[in-house]
Each structure stands twice: as C-alpha cells, then as structure tokens.
There are 2 protein chains.
Amino acid sequence: MPADEKPTASVWTRPRPRQREHLTREQIVAEAIRLLDAEGVEELSMRKLGTRLGTAATSLYRHVASKDELIELVVDDVYGEPDVPTAVDGTRWRAAVTRTATELRAMTLRHPWIAPELGQVGLVHIGPNAMRMSSALLAQFEAAGFPADEMDQAMGTLMAYVIGIATAEAAYLSLIARSGKTEQEWVAGLRPAFDEATREHPRLRAGSSAQQDVHPQRIRDDNFAYGLDRVLDGLTARLTP
Amino acid sequence: MPADEKPTASVWTRPRPRQREHLTREQIVAEAIRLLDAEGVEELSMRKLGTRLGTAATSLYRHVASKDELIELVVDDVYGEPDVPTAVDGTRWRAAVTRTATELRAMTLRHPWIAPELGQVGLVHIGPNAMRMSSALLAQFEAAGFPADEMDQAMGTLMAYVIGIATAEAAYLSLIARSGKTEQEWVAGLRPAFDEATREHPRLRAGSSAQQDVHPQRIRDDNFAYGLDRVLDGLTARLTP
DNA sequence: ACATCATGCGTACAGTGTTCGCATCGAAAG
DNA sequence: CTTTCGATGCGAACACTGTACGCATGATGT
C-alpha cells in the first residue's frame with residue numbers, strides 16, 4: 001500500500017465522485033408535485049422529498065428557503081398547466097370563459113392538494129404563472145364589454161365560484177384517494193351512514209337518492225356545468241340590459 | 001414527624017386534591033376555538049391547548065380521539081353560529097338566501113382558519129350543525145319553487161360561490177393578522193411589490209389602483225354583494241322563463 | 001370496607017422543519 | 001499547474017409535534 005492513501009477515508013468508504021447533475025430548483029419543484037400527486041399533502045416532508053431526489057433533506061435548503069416557499073413555487077408551477085385562450089372577440093367571450101373555468105377545475109382535480117392554497121392566489125401569492133392566467137382571464141371579461149370598474153368584480157365572481165366548487169370536489173376526491181376505493185365503491189359504502197345522518201333532514205336525502213344509479217363523476221360534471229351556466233347567466237345580464 | 005408520612009411524596013410536593021371540574025368535550029372545543037381565533041391554525045397544538053385548560057396534553061385524549069376529530073368537532077361547532085331563517089314564503093326567498101349567505105361569510109371572517117375545512121363540509125364532515133344549516137338552506141330553495149331535481153344543484157352553486165369568496169378573503173385576512181398590521185397599512189405596504197409584479201400585466205393594475213383611497217373592507221363587502229347578486233340573478237332566471 | 005371503573009398525566013417514540021458547521025467540489029486567478 | 005474561493009452537499013442537533021402506554025388517583029357502586 002502506498003503511503004499517500006489517507007487512513008480516515010479509503011477509496012471504498014469515500015463516496016463516489018459526484019456524477020449527479022447539480023440539484024436545481026426546477027427538479028425539486030417537479031419531484032414535489034409528483035410526490036404530492038401520488039401520496040397527498042400530508043405525506044410531503046423535506047426528508048422524503050430529499051430521498052426521492054437522491055440527496056439529503058437539508059440539501060434542498062440551498063435552493064429553497066423554506067417548505068412554505070417550496071409550496072408557493074409548486075402552486076405557481078401548477079398554475080402554468082391550463083392554457084387560457086388569449087385573443088378573444090367579444091361575441092365568443094362566454095365560450096372562452098367557460099373553457100378557462102373548465103381548465104381551472106380540471107387542474108384542481110388533477111392536483112387536489114392544491115385546493116386549500118387556491119384562495120391565496122391573487123394578492124397573497126403573486127407568482128408569474130398565476131399572474132399570466134389572471135391577466136388573460138381578465139382580458140376575456142374586457143373583451144366581453146364589461147366597464148372598467150366592473151371587470152374586476154365580474155372576474156372575482158367567476159373565480160369564487162370555480163374555487164369554491166373545485167375546493168369541495170378536491171376535498172372529496174382526496175378523501176376517497178386515501179381510502180383506496182373507487183369513487184363508486186366509496187359512495188355505496190357511505191350510504192348507510194348518510195341515511196342515518198339524514199334521518200332528521202329528509203330534504204337532504206331527496207336529491208341524492210334520486211340519482212343513486214348514475215355515475216358519480218357524471219353528477220359532478222353536470223353540477224359544475226349547471227352552476228357555471230347560472231353564474232355566466234347572471235353576469236351576461238349585466239351586459240345587455 | 002409521624003411515620004405515616006410517605007417519604008416519596010410529602011404534603012407539599014403532592015399536588016393539591018383535584019378541585020377542578022372534570023374536563024368536558026365542550027370545554028375543549030370552546031377553548032380550541034378561542035385559541036384558533038387568537039393565534040391561528042398553526043399555533044394550535046395539543047400541548048398548548050392542554051396548558052390553556054390547566055391540564056396535561058394527553059388528558060385531552062380521554063375526550064377526543066385525535067386532533068383531526070377535534071377539528072371536526074370545532075368546525076361543526078362554528079357551523080352552529082349562523083342562524084338560518086327556517087320558515088320562508090316563496091316571495092321572499094331571495095332575501096332569505098341573501099341573509100344566509102351573508103351570515104356564512106361573516107362566520108368565515110370571524111374564524112378565518114375554518115376556510116380550508118369548508119370544502120369538506122357536506123359529504124366528508126356530516127356534523128349535526130352543518131346538516132341543520134344545509135337542510136334549512138335547501139328548504140329556502142324548495143320554497144322558491146325549484147323543481148326537486150334542480151334544488152341540489154342550485155344550492156350547490158350558491159354554496160360554491162360563498163365558499164370560494166370566503167376562502168379567498170379568509171386567507172387574505174389570516175395573512176394580515178399574522179403580519180400584525182391593519183388591513184389598510186398592509187395594503188399600502190404591499191403596493192410597491194404589487195406594482196412591480198404587475199408591470200407586465202397592466203390590466204390587473206387598473207381596477208385596484210382606481211380604488212386606492214377606498215377603505216379595503218368596504219371594497220370586499222361590495223365585491224361579495226355584487227357576486228352574490230349575479231349568482232342569484234342567474235338562479236332566478238331559471239324560475240321565471 | 002372493598003372492588004370497579006373512568007379519568008388525569010408522566011414518559012417515551014417516531015417524525016417534523018430548520019440551523020449550523022464542516023467537507024468537498026468546480027472554476028477562476030496567480 | 002497550483003492556489004484560492006465561493007457555491008454546494010450533508011451529518012448532527014434542536015425544539016417541536018401527535019399520540020400510545022401504563023400507572024396513580026379519584027369517584028362510585030356493592
């Protein structure tokens with residue numbers, strides 16, 4: 001053995017010369033989204049995320065200031081998914097807004113863990129993707145002919161509806177995902193408890209028992225479309241008095 | 001010293017004979033709400049709650065199965081706050097629904113930490129107070145004349161709007177509360193960053209800068225009322241074709 | 001007087017986000 | 001080619017968290 005070999009760290013104990021590319025913020029965000037989609041929000045820990053990326057947990061803090069900031073980045077990244085139609089002519093504004101709302105709902109259902117953060121997007125979180133989306137949506141209301149002092153309120157109304165229904169759906173889907181069953185199985189399994197709980201409130205039972213054999217996903221789609229149409233009806237009435 | 005005194009625990013070290021009333025689930029829930037209102041959701045820990053009640057943290061588990069269950073109880077307790085008009089005649093249904101929606105929003109703004117849980121109320125959390133509220137609200141839609149197969153959808157639309165806007169407002173108010181400033185101070189302080197962020201999206205700046213001198217709380221009230229009127233317009237249109 | 005049972009609580013465990021200081025690297029500078 | 005230096009990875013540690021377990025103690029029923 002030559003003497004130039006250090007005694008404290010042999011070739012075998014010493015870790016391999018780093019072949020990994022440097023960790024980047026983009027990799028961390030992308031892997032966090034994958035983990036969140038797969039296991040839900042309460043399974044996201046810095047250590048687990050680090051393991052998935054083949055690094056130590058504390059290494060992440062070189063690229064991200066805190067877990068809260070990571071979540072901010074993750075949320076804005078997801079906001080980059082829907083493509084919002086930009087150029088609109090005034091006649092087709094309703095179709096354009098319907099499409100945007102539908103995309104936003106789909107985005108939330110793909111990533112149900114985002115729902116509780118949704119309300120914060122706007123003044124609290126002002127990431128570039130969220131801003132781009134808001135700006136494009138506002139342009140649709142402008143093209144529709146809303147006066148300048150009403151555009152914001154009209155868009156806010158639409159967004160409140162979308163956030164509200166998507167939040168409710170996402171919470172419901174997250175729960176089902178944790179149970180490991182399909183949506184139909186879960187609904188069927190809950191029915192006895194639901195009937196018991198609604199014994200004193202028969203009104204609440206009427207609507208749901210009528211649709212007992214309809215596919216639950218179909219019901220949710222219909223409900224979303226119904227409410228969206230009502231909201232847009234109410235907004236349209238302001239344009240043509 | 002008489003020999004009947006135990007050496008391990010003298011009269012002085014031994015805790016006083018318990019004079020406290022027994023802990024009850026109601027006390028725990030009430031104190032949890034007080035703590036949540038005062039310090040926010042991430043400051044609620046079982047140990048802190050126990051200290052406030054003058055007991056050890058683990059004692060709470062005799063009355064509550066887990067922290068999650070405690071939160072379920074807390075949420076339903078808050079749902080008991082708004083009083084929803086029960087008897088309605090068909091002509092005043094709009095006033096009744098407006099009142100209910102306003103009460104629900106006020107409830108959320110009193111307890112902003114409840115917002116992320118709001119979406120779960122319905123199928124996920126089925127506490128007695130939440131059921132009572134839902135049933136009463138549904139009765140208002142029934143009295144309005146909605147057909148049986150549309151009542152649920154109509155109420156869902158209204159609830160989605162209320163949940164959405166209340167969630168957004170609550171997130172915003174929670175953030176301000178944590179900053180320690182008043183709403184007006186906070187808005188003024190954020191303006192430079194907001195202008196910077198909206199440099200590439202001038203549309204987003206137009207609406208907010210027009211109202212720069214209006215009291216922000218007034219703006220929020222107006223926005224809520226505007227959207228609520230639009231939603232109710234859209235729903236009303238289904239009744240009188 | 002004794003047995004039974006619900007309740008309070010000290011201890012402990014696995015897990016969290018985050019800080020700190022040290023080791024190691026790639027690239028720039030002499 | 002050598003030396004320096006800032007950026008990066010990471011092991012150890014800290015203050016916390018929710019909660020399971022077992023023991024002590026109180027009130028209650030016989």
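Residues numbered from 1 in each chain as written. Chains lettered and ligands numbered in written order. Predicted model: local features only at pLDDT ≥ 70, side-chain atom pairs only at ≥ 80, totals over all residues. Heavy atoms only, no water.

A. Up close: helix α3 (residues 67-78) of chain B. All names here are of chain B. For α3, with 12 residues, the first-to-last C-alpha span of 17 Å sits near the 16 Å given by 1.5 Å per residue. Taken together, the buried positions of α3 are occupied by Leu70, Val74, Val75, Asp76 and Val78. Looking at the packing, one finds that the buried side of α3 touches α1 (25-39), α2 (46-52), α4 (93-110), α5 (115-118) and α6 (128-144). (Helix = DSSP H or I, 4+ residues; strand = E, 2+ residues; numbered from the N terminus. Expected span 1.5 Å × (residues − 1). Buried < 20%, exposed > 50% of the residue type's maximum accessible area, 1.4 Å probe, protein only. Contact = heavy atoms within 4.5 Å.)

B. Structural detail: the protein's contact with DNA strand D. Lining the immediate environment of DNA strand D, one finds 18 residues, of which A:Arg62, A:His63, B:Arg47, B:Tyr61 and B:Lys67 sit closest. The contact in question runs from a base nitrogen of DNA strand D to an N or O atom on the side chain of B:Arg47, over 2.6 Å. A distance of 2.6 Å separates a phosphate oxygen of DNA strand D from a polar side-chain atom of B:Tyr61. Counted by class, the surface near DNA strand D contains five nonpolar, seven polar and six charged residues. (Near = heavy atom within 4 Å. Polar contact = N/O pair within 3.5 Å; in protein donor to acceptor, adjacent residues only side chain to side chain. Nonpolar A, V, L, I, M, F, W, Y, C, P; charged D, E, K, R; others polar.)

C. Summary view of the side chain of B:Asn129. All names here are of chain B. The residue Asn129 is located in helix α6 in this model. Side-chain polar atoms of Asn129 contact the side chain of Arg132, separated by 2.9 Å. Aside from chain neighbours lying at most four places away, what touches Asn129 is Asp76, Asp77, Tyr79 and Gly80.

D. Focus on the relation of the copies chain A and chain B. You can overlay chain A on chain B at an RMSD of 0.0 Å; the transform is a turn of 180° with a shift of 0.0 Å along its axis. Seen this way, the second copy is the image of the first under a two-fold rotation axis. When you check the interface residues of chain A against chain B, 100% turn up at the interface there too, and the contact is symmetric in its surfaces. (Least-squares fit on C-alpha atoms with pLDDT ≥ 70 in both.)

E. Focus on the pattern of salt bridges. Inspection of the entire model under this criterion finds 42 salt bridges over all chains. One salt bridge in this structure joins B:Arg99 and B:Glu103, with 3.5 Å as the shortest N-O distance. Within this pair, B:Arg99 and its partner B:Glu103 are both found in helix α4, separated by four residues, close to a single helical turn. B:Arg99 gets classed as partly exposed once you look at its relative accessible area, which sits at 39%. A cluster of three or more residues bridged by salt bridges with shared partners is formed by A:Glu31, A:Arg34, A:Glu39, A:Glu43, A:Lys48 and A:Arg52. (Salt bridge = Lys/Arg side-chain N within 4 Å of Asp/Glu carboxyl O.)

F. Main features of the protein's contact with DNA strand C. Neighbouring DNA strand C are 18 residues, the closest being A:Arg47, A:Tyr61, A:Lys67, B:Arg62 and B:His63. For DNA strand C, a phosphate oxygen lies 3.2 Å from a polar atom in the backbone of B:Leu23. Looking at the surface near DNA strand C residue by residue, the class counts come to five nonpolar, seven polar and six charged.

G. Quick look at the interface of chain A and chain B. Between chain A and chain B, the contact holds 48 residues from the first and 48 residues from the second. Of the roughly 4,200 Å² buried where chain A meets chain B, counting both sides, 72% is carbon and sulfur surface. For the chain A face of the interface with chain B, the top three residues by lost area are A:Leu123, A:Arg203 and A:Tyr226, together amounting to 16%. Here chain A is connected to chain B by two salt bridges. Inspection of the region where chain A meets chain B yields nine residue pairs in polar contact (both at pLDDT 80 or more). When contributions to the side of chain A that touches chain B are tallied by element, the ones reaching two or more residues are α6 (128-144), α7 (148-179), α8 (183-197), α9 (202-210) and α10 (216-236) of chain A. Here the element with the most residues in the side of chain A that touches chain B is α7(A); it accounts for 15 residues. For the side of chain A that touches chain B, the residue count by class is 24 nonpolar, 15 polar and nine charged. (Buried area = accessible area lost by both parts, 1.4 Å probe.)

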